[in-house]
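Okay, here's what each chain looks like letter by letter:
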Amino acid sequence: SQIIPTWFGMVFVVSFASCLDVAAISIDMGQPLETNRELATVGICNFMSGLTLGFTGSYIFSQTIFTYRTGIHDRCIGFMIMCVYMYI
């Protein structure tokens, strides 16, 4: 019975943080992002992570900005990060 309020709290916090992350990435890049598409992607990934007992992806801001600022504009970085996480 105490799980339901905790669950709603987590959904709110992660949703709000994801909205702020997308806005911050857009500001840092200096170009508008498709907010609905970005948030849908985060939601789908968080849902899949939840099904596999993983963590939510509310840390996307720092990782995205890091790869953007280093000039890496290839999707292979995501695959490499996934492999490292699976190895750990």
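All values derive from a computational prediction rather than experimental measurement.

Engineer: What's the story with the packing of aromatic side chains in this structure? I'm lost.
Structural biologist: Aromatic ring pairs are defined here through the distance separating the ring centres and the angle between the ring planes. Enumeration over the complete set of coordinates arrives at two aromatic pairs. The interplanar angle of 10° and the centroid separation of 6.2 Å between the aromatic rings of Phe 12 and Phe 16 together place this pair among those described as stacked. Placement of the pair is Phe 12 and Phe 16 together in helix H1 (residues 3-29), with a separation of four residues, close to one helical turn.

Engineer: How do you make sense of the pattern of salt bridges when you look at a structure like this?
Structural biologist: Think of it this way: side chains of opposite charge can pair up when their charged atoms draw near. Counting across every chain of the model gives two salt bridges. In this structure, Asp 28 and Arg 69 form a salt bridge, with 2.7 Å as the shortest nitrogen-oxygen distance. Taken together, the residues span a long stretch of sequence, with Asp 28 in helix H1 and Arg 69 in helix H3 (residues 60-69) at a distance of 41 residues.

What counts, and where the lines are drawn
- Residues numbered from 1 in each chain as written.
- Predicted model: local features only at pLDDT ≥ 70, side-chain atom pairs only at ≥ 80, totals over all residues.
- Heavy atoms only, no water.
- Phe/Tyr/Trp six-rings, centres within 6.5 Å; stacked < 30°, edge-to-face > 60°.
- Helix = DSSP H or I, 4+ residues; strand = E, 2+ residues; numbered from the N terminus.
- Salt bridge = Lys/Arg side-chain N within 4 Å of Asp/Glu carboxyl O.

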